[in-house]
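What follows is each chain in one-letter form.
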Amino acid sequence: MDILETITANTRREVASACSVLTDGEFFGGTLEDLKQARRLVRLPLLRKDFVVDEYQLYQARAAGAAAVLLIAAVLSPDECRRFARTAHELELEVLLEVHTPSELSRLNGYVDMLGVNNRDLGTFHTDVENSFRMADLLRREVGGGAGPLPVSESGVSDPETVVRLREAGFRGFLMGEAFMKSGDPGCALAEFIARLKEARP
Ligand SMILES: O=P(O)(O)OC[C@@H](O)[C@@H](O)c1c[nH]c2ccccc12
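A few points on the structure. Bear in mind that the values here come from a model prediction, so they are computed numbers and not experimental data.

A separate point is the pairing of strand 2 (residues 46-49). Here strand 1 (residues 19-22) pairs with strand 2 via four bridges, running parallel. Within the sheet, the bridge partner assigned to Cys19 lies in strand 2 and is Leu46. This β-α-β element, strand 1 to helix 2 (residues 32-41) to strand 2, shows right-handed connectivity. Two elements, strand 2 and strand 3 (residues 68-72), share two bridges in a ladder whose sense is parallel. Considered in strand 3, the bridge of Leu47 is made with Ala68.

Take a look at the structure:
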């Protein structure tokens, strides 16, 4: 069985809300072809996870079957974030804006659908889930009474108890990779995680 098929097999059990596909080749060995293949394998909304630095990549994402794109605040100016997010909407793509620090919140704009706090510092690759908790208050202010973007915690989440705590802090989406990918059967690991989460939920 192909690796992508193994990974996406979980979706047949309908336990994930969306599936993120890394298409960056230079640093992570992904390809746009992976996104196209995932599109053929699952019905779930797909997120193109890449370093978007040119609007052309949004068109590519759309053509390959993505429902959403990741915009990484650390590599974009506020103007680029706005322009790219607006174009994404024109293409009917949802936008996940990823921030790591409070100052990156200046990249937020009205076209952002999901606001992700990356717990991984892309400079050092060090992961610390506490970053989400540190940013939670600020996020609540930005996201307001629920009319703003969906708050998402990204990276380094590996146990259901952390998801429960993050939910209590206001997060509503969780972008998880490694916790499942290091298992021999990511789909099965995800299903188990969701079962444990249901038990852990207060
Ligand atoms: O594997 P993790 O720690 O669960 O993290 C998932 C995801 O957040 C992470 O892969 C990610 C988030 N933003 C990125 C940008 C580039 C590369 C990778 C990422």
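This part covers the site of the ligand. The environment of the ligand is formed by 14 residues, the closest being Lys49, Glu98, Ser155, Gly177 and Glu178. The side chain of Lys49 places a nitrogen or oxygen atom 2.6 Å from an oxygen atom of the ligand. Taking Gly177, its main chain carries an N or O atom lying 2.7 Å from an oxygen atom of the ligand. Burial of the ligand by the protein amounts to 93% of the accessible area it has alone, namely 440 Å². Tallied by class, the residues present in the shell around the ligand amount to five nonpolar, four polar and five charged.

Once that is clear, we can look at unusual backbone geometry. Non-glycine residue Glu92 carries a positive phi angle of around 60°. With respect to the helices, strands and loops of the structure, Glu92 is situated in the loop between helix 4 (78-90) and strand 4 (94-99). According to the relative accessible area criterion, Glu92 is exposed, its value standing at 63%. With phi around 70°, Phe125 is a residue other than glycine that occupies positive phi space. By relative accessible area, which is 44% here, Phe125 ends up partly exposed.

Basis of the calculations
- Residues numbered from 1 in each chain as written.
- Predicted model: local features only at pLDDT ≥ 70, side-chain atom pairs only at ≥ 80, totals over all residues.
- Heavy atoms only, no water.
- Pairing = 2+ DSSP bridges.
- Helix = DSSP H or I, 4+ residues; strand = E, 2+ residues; numbered from the N terminus.
- Right-handed = clockwise from strand over helix to strand, strands pointing away.
- Near = heavy atom within 4 Å.
- Polar contact = N/O pair within 3.5 Å; in protein donor to acceptor, adjacent residues only side chain to side chain.
- Areas by Shrake-Rupley, 256 points an atom, 1.4 Å probe, with all protein chains shown as cover.
- Nonpolar A, V, L, I, M, F, W, Y, C, P; charged D, E, K, R; others polar.
- Buried < 20%, exposed > 50% of the residue type's maximum accessible area, 1.4 Å probe, protein only.

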